[in-house]
Each structure stands twice: as structure tokens, then as C-alpha cells.
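# Working through the structure, step by step
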Protein chains: 2
Amino acid sequence: MERGLESMEAIFNPGSVAVIGASDNPGKLGSHVMRSLIEGRFPGRIYPVNPGKNEILGIKTYPSLSEVPDAIDLSIVVLPAEQVPKIIKECQNKNVKGIVLITAGFKEIEDKRGEILQREIMELANQSGIKIIGPNTFGIVNLHLPLNASFTPEFSLVEKGGISFVSQSGGMSHLMGFLSLQNKVGFSKIIGLGNRCNVDFAEMVEFLTKDSQTRVIAMYIEGIDQPKRLMEVARENSRGKPMLAYKVGRSFTSDKASQFHTGSLAGKHAIYEGALKQAGILMVESSEDLLDAAKALTLCPLPNGNRVAVLSGQAGPGMAACDICEMEGLAVHPFSAKTQKRVEQLLPPLAIRTNPVDMGPAWYDSEAIKGIVQTVLQDENIDAIILCIMFASANRSAVGMLADLLLEKRRNKPVLCCFSAPAGIWDDEIRRLEESGIPNYPTPERAAKTLVNLFRFKKLRN
Amino acid sequence: MERGLESMEAIFNPGSVAVIGASDNPGKLGSHVMRSLIEGRFPGRIYPVNPGKNEILGIKTYPSLSEVPDAIDLSIVVLPAEQVPKIIKECQNKNVKGIVLITAGFKEIEDKRGEILQREIMELANQSGIKIIGPNTFGIVNLHLPLNASFTPEFSLVEKGGISFVSQSGGMSHLMGFLSLQNKVGFSKIIGLGNRCNVDFAEMVEFLTKDSQTRVIAMYIEGIDQPKRLMEVARENSRGKPMLAYKVGRSFTSDKASQFHTGSLAGKHAIYEGALKQAGILMVESSEDLLDAAKALTLCPLPNGNRVAVLSGQAGPGMAACDICEMEGLAVHPFSAKTQKRVEQLLPPLAIRTNPVDMGPAWYDSEAIKGIVQTVLQDENIDAIILCIMFASANRSAVGMLADLLLEKRRNKPVLCCFSAPAGIWDDEIRRLEESGIPNYPTPERAAKTLVNLFRFKKLRN
């Protein structure tokens, strides 16, 4: 195995981890990192390193890395910046394969010494082929091992799934993690690149394209030092795993701020955006859009065209979905004559029976709702379906029945749902649907916006 | 009291309610209405009317309205459409003050008879001055009484608050209710106007401008029959309660659909939108925006200008907020010299100390964070603050400390927060802040978008 790849593999799937700067003082990051490993049920061996302690959180502790009586795959480092070069050398002597360098105080600070220190550790690491995630990162999480190599034990609450998130901001990683808890989205890996001393977007994305537990690669970008390398990697993957990115710096102030934050040239947002799109990366506009689109890309087939059917249990939410679809380039397209005839047979002559269909009058007739959805699933004039039902006591059974139908009929078109209810009512049905490739969203507009993004992605791929 | 107003008052604050078409069969809407009243703890007297029953859900039941031995303030009607004219006459004979007419099958159906029937009941109601909410409505909810006069008992889960929501779609009312549960937003009244036979937006809004429990009036609009009357009412209220609206029909298909759905002329979205704005109504673009903006308008002072400070515990989320602010007309404005100096004293020379401020390096120094927020609160160059902190174990106490500070310092500028954490961690602090006028949002972008809407509303009012 190539040295860099071996190092990355060791970072995400280590058998043994040393925590250099481990602590049991809750005021120190070293204590949070220890809790992340332990509470996150890391299945490998943990070696805290701290010269002043014999034991931390019940685990035998060593005065230095060299005294650890085992080979170390991954070192997590939380010591102050000025001690880091010495630690990197110790890691080299110990043949440590990879490093997560949480410590801040490098290229991101105003003081020139930070940049000098970062160059020093980068050169050290490159000499020996060790990959360093960071410095100035919250860490990394691999929910499949599981490994929580971060200073936030709560990342272990995130569900296991197919999305890997690569982020230039720890804050944005935390936000995405917490949003995923509310939206029941599963992640494979959550990665804070920090100052990217020798692992930048390009290397990380390349690694993830080959990682069997990653199905979709989502990015949060402020600025990129080597945009061409990322474009190359993306183009090489242009028929592979879906890639999408949320880039800030669209406004002047935020663009300027990103230059400070990660010590990288940001700027020229429009140029970046165009280049990333050309490389086949879907660009989205907010943290919610990123999560929503990543979820759909993990679950759904892509639409073959822009013709969408909007089927709703109540007219209003259906109209809200239509608005978004049509304003963003999708067509709420007429059904085939056969489908239209069938819908008219099934629905009483109340209200809207053309696309969008208001299925409200059929609430008490589950066979009618079933028949409508089934016929539209088979309509060759329709590339995708948005299905919205707002709970009312009288339609409680509708979503379970639709779930059975949708899961039974094999389909090659995306179905995006907005089934909205108080907590606890449709949770099981929604989970069943999502596990089988039919995502649910909290509002009709978000379901529609996500379908728009699926269609944009399909166009990028063509 | 004027007759119409008395009728409206009786609808929302009745002492006695008759349910005409009450049932204990869960397949009938009449059973859900009964459950809504009972489970919603309506404090007045409930009289089920059903000729085939002596008792429904433990409550004595009468064969007809005329046999009810009490005066009736509100009748909720769920009988089939063709029986409704007779029922309206019975209500008149009984001196019932107001009606919620849930029954569908009127102007909204393709069959001409629906329109004729609706005209008939409208004329009957107008003769006697009775106000009818509906037909074709899910009902109304007054969370302050409490009264749940709808077919969805779960509306009683919504918290009591200052927003009254007037909607042309029952589906959108349910969506807003369920979103409010997740977002902890309180409502005063949730009102389904249905086919608006003799209560349209104008009458309802006029009533709500005088309702002491309503502080903000939020609307969902498809089409309006008498737009001029609504504009007049809005203009008369132009210094009063904030009013905001989400109007669908921005796209061709949805515009056309709305004509069918509520049997009203929709169309000409741009004209409507301009006219509503001119009348002082804030127009928003999605169900989430409507909820977010209504919440802020209930809680916050308006910004005096467009100069916003973005203070964040991590740089990334702050940049995301800056992007939205600047793209939508707010200025992330330089601090006064005094503020800038103070921020530099408080923060180490790491990263961003100008606006936006990355307070990350001060995580362990709560006095510094406190000092920064306090000095920016007092800066005359700044009209509003967005404050974003993503939870990490190491900053758990930050939000409690900031809550104390924000609540202690009297302020006249809006502070909008995005404090994001797994459920259960900051819930108490966030609740404490929101109860005192500082709203929290799930993402930095939504906090920023809401501030944009507050600023737009301020401009409408000027």
C-alpha cells in the first residue's frame, strides 16, 4: 500500500490510539478527547500519554510515547503548539502511522511564528510520509469503526450512514452533526481539516472516493490552496460517488474573514464555484441544503429528467412545493392520458385532479390514494415524485399504507416526501421509508429544493 | 358590541359549544372534533348533537340543537353539505352566535351545486349576522382559552404564544403547528379560513388587530377575493401589530392550482405581492421563513438600521451568517474605534477580531466572551447582533453565561442566536432567552435570514 494511503487508513481505522496530552481535568481538551474515545466505544487499544499521571479515566497512562509498550497507529495530539515539533519527532521514532493534531496556534494566528511552526511540522511529517489531520482541528470521527477522535464526545450520538463530511470549519462540523440528530441523517465520517498542513481537500476526497463506507462526499469550503488538485480528483471521480459542496465567502466580508480563519487564500467565490461545478461537484447554498441534498444523494436514484409530479394530501403544501420546483427549473408536467384518466376514476370531482394532485378528498379511501401513487410511479411522463401529507387524526394510517406501497413497487424514479406530524406518530414509517431509499423532509419546500438539487446534480453528470 | 364582532368573539371565546354531527366512530370527523374539545381541555360546556346517540365519549348527547337546554355560543358543524342550510337555520332559531363549518363540498368542487349551496348559506348567515368560519376548513384553535375547535386533537400540543396564523390551507396550518412543536414557537390562534363564505382575510385580520392575545398576525395566502379590503385593514394597522404573509402561486402551475383549491381568483402574484407590501405586510418565501420571522416579530425589537455584528464561537458558522446578511442588504459593519479597541484587549491575537468576530480563542475565558458581547451591545455603530455558538463539551457553560448577560443588560437592539447542541443540553438556557425576547434558530443562515426580514419589516414601517 502506498505510504500516504496507509497513513490515512491508520487515521480512520486504527487498532491503537495514543492521546498525547491526555487529561482528566474537564478544563483541558485532553479530557474531552479521552471521553470521546471511551464513550464513543472505540474498539481498539487506548494509550493516554501524560508524564504527571499513572491513570486517566481508569486507563493506564504513560509518561511518554516511547514508553508505550505497543505499536501505535494513530496519535491524537492536544499539547501546546510549541511542543508539537518535538512530539512529531517522537511519533516518527515510534513509527506512528498517522496524527490528528487538534492543537491550535499555527498558520491561523496573526503572529508570524505560527506560520513558521506549521511549516516546520509539515516538513517533518512529509519527510516520514506521516499524514497529519490539522493542526487547529476538532478532530475526526469514523462512525463505522466507531472512532471518535475529537474533543466532542457528543459526535458519537450521530447515526452511522453513508455521508462523509469534509470541513474547513469545526463549527460547521458540529452544526451538521447536531442537525443530523434532528433530521435522522447518518454519517460515515466527519472530518475537520483544520489548517491542512499536509492533508488538504484533494487528498481527503481522493481517500474517500476509495473508502467503502463512504457513499456521498459532502464538503464545507472557505478557501482552497490547491484548487486544481481538488478539481482533478473530482473529475477523476466524475462517474463515481456523488460530491457536493457548500462554500461560504459569497459576500465580501465573509470572503475576507475566511482568509484570516484558515490562513488560506479564499476570494474569487464565483471563479471557485464555476470551477467546482465544472468538476462535477454540486454546489448548495446553506447548511440545511447541504444536509438535505447529501441525504437524498445517499438514498435516491437520480431523476432522468425535470418532469415532477406533486401529490399531496392537502392542496396548500403541494402548491408550496410546486412554487419551488418551477422557480428552480423543474416542470410540474401533465400526466400521460392514461394516468390522467386513472386519477379521475379514483378521485371524486372535487378540486385538483391534474398535476399537482390534491388527494385530500380521498383521505378515507386508502385504495384511491394507493392507486394514484401507483399509477404516477409508472407514468413515463414523470421523472420524480414529491409526496406531501400533513398528519391529521383522520389520516393516521395513510403513511403506513403508502410506505408499504412504495417499498413493494420497485421503482427507478426518486420519491421525496414531506410527511409531517408531531413526534412519535409517523417515526417508524418514516424510518422504514428512509432505510429503503425514500427520504423525508420537514417541509414541502425543503423536499422540493432537494429534488431541484438532485436534478442539478444529474445535469452535472451528463 | 357590533354584531359581527360579537359573533367573532363568540367563535374564539365561547362559553358553550355544540358539535353538530358529533360521533364516537373514529372513522368520522365528528369524533375527532369531540376529542379535540375534550383532550384540548376546553373549559366551557360541550353539547354533542346526534339523533342516534344518548352519550358520546361520556358526554350527554342531544337529538337536535333545539333540544339543547342551554344557550349556544359556537356551533361546530361536520354534517354532509346538503344538510348544512337546514342546520344554519336551526342555529339562527337557537340564537347561536357563531359557526365553524368544517363540512366540505361547496364552492371548491367542480359540480356547480357546490357554489349554489355556498351562496345559500352565505345569504342565510348574512341575514342574521352570524359569522361562519369555512366551509371546507379544519377549524380554529385558540390556545389561550384553550379551545380546539378542529378535527385535529394534536393542535392542542402547540404552545400558547403571541402569533395568530390565518390560513387559506388546512394543510399549511397543520404544517405550521407541527413545525412550531420542533421550533418551540407559541401561537395564540390557528385559523383555517376555508372557502371564506362570509369571513375573509380582511375581517379576520381586523378582528385580530383588536384581539389582546394576538401580538403578530401571520398569513398563508393562495388568492384573495377582496384584496382591497385586506389592504385597507392592513393600512389602518400600519403602526400596530406586525403582519406578515407567505403567498404561494409564484409559479404558473401553483397559481392555477390555487384557483381550483379555494375557488378564488388567485393569479397575478407579483401584483398581489407589491400591493401587500405597500400595505405594510412583510412578504416571506417559505413556511420556515414565516415561522422564523413571526417568532422574531413576537419577541424582538426591530433594528434601527442595517448594521449587523456577527459574533460567533467558531468562525465557519459566523461566515455563513455574514453571507446571508450581506447578500440580502445588511451590512456587516465596522465597530466603533472604542469597541474595536476593547475587542482587541479581550481577544488574543488569533484570527478574526474585526466584525465578524471569531470568539473561538476565548472559549476558556468566559469573561472575555462576556466583555465582547457587552461592548458590542453598546456600540452605536451596530443595530443588531447575530450570536452563534455550536456546542462542544468545552464550551458547555458559555450559553448560560451569555444568557445571564443578555438578560441583565437592558438593550434596544435585536439579538438573534444560533445556539446549536444535541437535545437536552442547552434547552433550559434557550427557553430562558426566548422567554425574554431573544430568539434562537437551528442554523446561522436561518438566524441571519430572520434578521434580514426584521430589517425589511422596519423599512416597510418607515
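For the structure itself, consult the block above.
First, a word on scope: everything that follows refers to the structure included in this document. Residue indices follow the written sequence of each chain, beginning from 1 at its first position. Labels are handed out in written order, letters beginning with A for the chains and numbers beginning with 1 for the ligands. The model is predicted, so local features are restricted to residues of pLDDT at least 70 and side-chain atom pairs to those at 80 or more, both for listing and for counting; the totals for chains, interfaces and linings are taken over all residues. With hydrogens and water stripped out, all remaining heavy atoms of the structure feed into the side-chain values.

### With respect to the overall build of chain A
How we decide: In DSSP terms, a helix is any run of H or I states spanning at least four residues, a strand is any run of E spanning at least two, and both are numbered starting from the N terminus. Put simply, the radius of gyration uses C-alpha atoms, and a globule should come to 2.2 Å times the residue count raised to 0.38. When a residue's accessible area, from a 1.4 Å probe over protein chains only, is under 20% of the maximum for its type it is buried; when over 50% it is exposed; and in between it is partly exposed. Contacts between residues were defined by any pair of non-hydrogen atoms, one from each residue, lying within 4.5 Å. Only four residue types enter the tally: Lys and Arg on the positive side, Asp and Glu on the negative side; His and the chain ends are excluded. Charge positions come from single atoms, namely NZ of Lys, CZ of Arg, CG of Asp or CD of Glu.
Within chain A, the secondary structure is distributed over 16 helices and 19 strands. Here chain A has a C-alpha radius of gyration of 25 Å; the compact-globule value for 462 residues is 23 Å, and the two agree. When the backbone C-alpha atoms are referred to their principal axes, chain A occupies close to 80 × 45 × 40 Å. With 462 residues in all, chain A has 66% of them scored as buried. Within chain A, contacts between residues separated by at least 24 positions form 75% of all contacts whose residues are at least 6 apart in sequence. A gap of 3 Å separates the mean positions of the 52 positive and 51 negative side-chain charges of chain A.

### Details of the nonpolar core
Most often, soluble globular proteins keep nonpolar side chains buried together rather than apart. Our working rule: By nonpolar core we mean a set of buried residues, namely Ala, Val, Leu, Ile, Met, Phe, Trp, Tyr and Cys, connected to one another through side-chain atoms within 4.5 Å.
By size, the foremost hydrophobic cluster in this structure holds 212 residues, and its most contacted members are A:M204, A:M219 and B:M204. Excluding residues within four positions of it along the chain, B:M204 makes contact with B:M8, B:F12, B:I133, B:V166, B:I191, B:L193 and B:V199.

### Considering the relation of the copies chain A and chain B
For the pair of chain copies, the relating operation is a rotation around an axis with a shift along it. As a reminder, the rule being used: Only residues with pLDDT of at least 70 in both copies contribute their C-alpha atoms to the least-squares superposition of the copies.
Turning chain A through 180° and shifting it by 0.0 Å along the axis lays it on chain B, with an RMSD of 0.0 Å. Seen this way, the second copy is the image of the first under a two-fold rotation axis. When C-alpha distances to the rotation axis are compared across chain A, the minimum falls at A:Q182, with a value of 4.6 Å. A shared binding surface is used by both copies, with 100% of the interface residues of chain A retained as interface residues in chain B.

### Focus: helix α3 (residues 84-93) of chain B
Residue and element names in this part refer to chain B. Rules: This arc corresponds to the set of directions leading from the helix axis out to the C-beta atoms.
Here α3 has its buried residues at V84, P85, I87, I88, C91 and Q92. Angularly, the buried residues of α3 cover 160° about the axis, an arc narrow enough to put them on a single face. Turned more than 90 degrees away from the buried face of α3 sit K86 and N93, all of them exposed. In this structure, the buried residues of α3 make contact with β1 (16-20), β5 (74-77), β6 (98-101), α4 (112-128) and β7 (131-133). Where α3 ends, the next residue or the one after it, N95, has phi of about 60°, a positive value.

### A word on the pairing of strand β10 (residues 160-167) of chain B
All names here are of chain B. Stated formally: When DSSP finds two or more bridges between a pair of strands, those strands are recorded as paired. Handedness is read with the strands pointing away from the viewer; a crossover is right-handed when the path from the first strand over the helix to the second is clockwise.
For β10, the buried fraction is high: seven of the eight residues fall into the buried class. Pairing of β10 with strand β11 (residues 187-192) involves six bridges; the strand directions are parallel. Its bridge partner lying in β11, K160 is registered against F187. Considered for its hand, the β-α-β crossover made up of β10, helix α5 (residues 170-183) and β11 is right-handed.

### Notes on the packing of aromatic side chains
Put simply, the rule reads: Aromatic rings from Phe, Tyr and Trp, taking only the six-membered ring of Trp, are treated as a pair when their centres fall within 6.5 Å; an angle between ring planes under 30 degrees marks them as stacked, one over 60 as edge-to-face, and anything in between as tilted. Criterion for a charge above a ring: Lys NZ or Arg CZ within 6 Å of the ring centre, and within 35 degrees of the ring normal.
Following the criterion strictly, the structure yields 14 aromatic pairs over all chains and no others. Between the aromatic rings of A:F178 and B:F391, the centroid separation amounts to 6.2 Å while the plane-to-plane angle is 50°, which identifies the pairing as tilted. One end of the pair, A:F178, is in helix α5 (residues 170-183); the other, B:F391, is in the loop between β18 (384-390) and α14 (398-408), on a second chain. A single burial state applies to A:F178 and to B:F391, both of which are buried. Measuring from ring centre to ring centre gives 5.3 Å for B:F12 and B:F207, while their planes differ by 15°; the resulting arrangement is stacked. With B:F12 in helix α1 (residues 3-12) and B:F207 in helix α6 (residues 201-209), this residue pair connects regions lying 195 residues apart in the sequence. The positively charged end of A:K295 is found above the aromatic ring belonging to A:Y441, 5.1 Å away from the centroid. The lysine or arginine in question, B:K60, covers the ring of B:Y62, its NZ or CZ lying 4.9 Å from the ring centre.

### What to know about the interface of chain A and chain B
Note the cut-off: As a working definition, buried area equals the accessible area (1.4 Å probe) given up by two parts on being put together, with both sides summed. A carboxyl oxygen of Asp or Glu within 4 Å of a side-chain nitrogen of Lys or Arg is what we treat as a salt bridge. Polar contacts, as counted here, are pairs of nitrogen or oxygen atoms within 3.5 Å of one another; within protein the pair requires one atom able to donate a hydrogen and one able to accept it, and residues that are adjacent in sequence qualify only if both atoms are side-chain atoms. Following the grouping adopted for this structure description, the nonpolar residues are Ala, Val, Leu, Ile, Met, Phe, Trp, Tyr, Cys and Pro, the charged ones are Asp, Glu, Lys and Arg, and the polar ones are all others, Gly among them.
Each side of the interface is counted separately: chain A has 76 residues, and chain B has 76 residues. For the pair chain A and chain B, the two sides together bury roughly 5400 Å², of which 63% comes from carbon and sulfur. Counting every contact that joins chain A to chain B gives six salt bridges. In this structure, the salt-bridge partner of B:R250 is A:D323, at a minimum N-O distance of 3.4 Å. Taken together, the links from chain A to chain B amount to 14 residue pairs in polar contact (both at pLDDT 80 or more). Residue assignment for the side of chain A that touches chain B shows that the elements contributing at least two residues are α2 (29-39), α5, β13 (243-247), α8 (252-261), α10 (287-299), α11 (315-327) and α16 (444-461) of chain A. For the side of chain A that touches chain B, a count of residues per class yields 40 nonpolar, 20 polar and 16 charged.

### Remarks on the pattern of salt bridges
Counting across every chain of the model gives 54 salt bridges over all chains. For A:E434, the salt bridge is made with A:K295, and the minimal N-O distance between the two is 2.7 Å. Here the residue A:E434 occupies a position in helix α15 (residues 427-435), and A:K295 occupies one in helix α10, the gap between them amounting to 139 residues. The partner of B:E39 in a salt bridge is B:R35, with the nearest N and O atoms 2.8 Å apart. Placement of both B:E39 and B:R35 in helix α2 (residues 29-39) is noted, with a separation of four residues, approximately one turn of the helix. Using a relative accessible area of 46% as the deciding quantity, one classes B:E39 as partly exposed.

### Here we look at the sheet that holds strand β8 (residues 139-142) of chain B
Residues and elements named next belong to chain B. Selection rule: To get an axis, fit a line to the C-alpha atoms, keeping to the stretch in contact for a helix; angles then go from 0 to 180 degrees between the N-to-C directions.
If you walk across this open sheet you meet the seven strands as β9-β8-β11-β10-β12-β13-β14, and the pairing is mixed. Each having just a single partner strand, β9 (147-150) and β14 (282-284) make up the two edges of the open sheet. Recorded for the sheet is a direction-independent mean angle of 20° between the axes of neighbouring strands. Packed on one face of the sheet, helix α16 (residues 444-461) meets β13 (243-247) and β14 and runs near 150° to β14.

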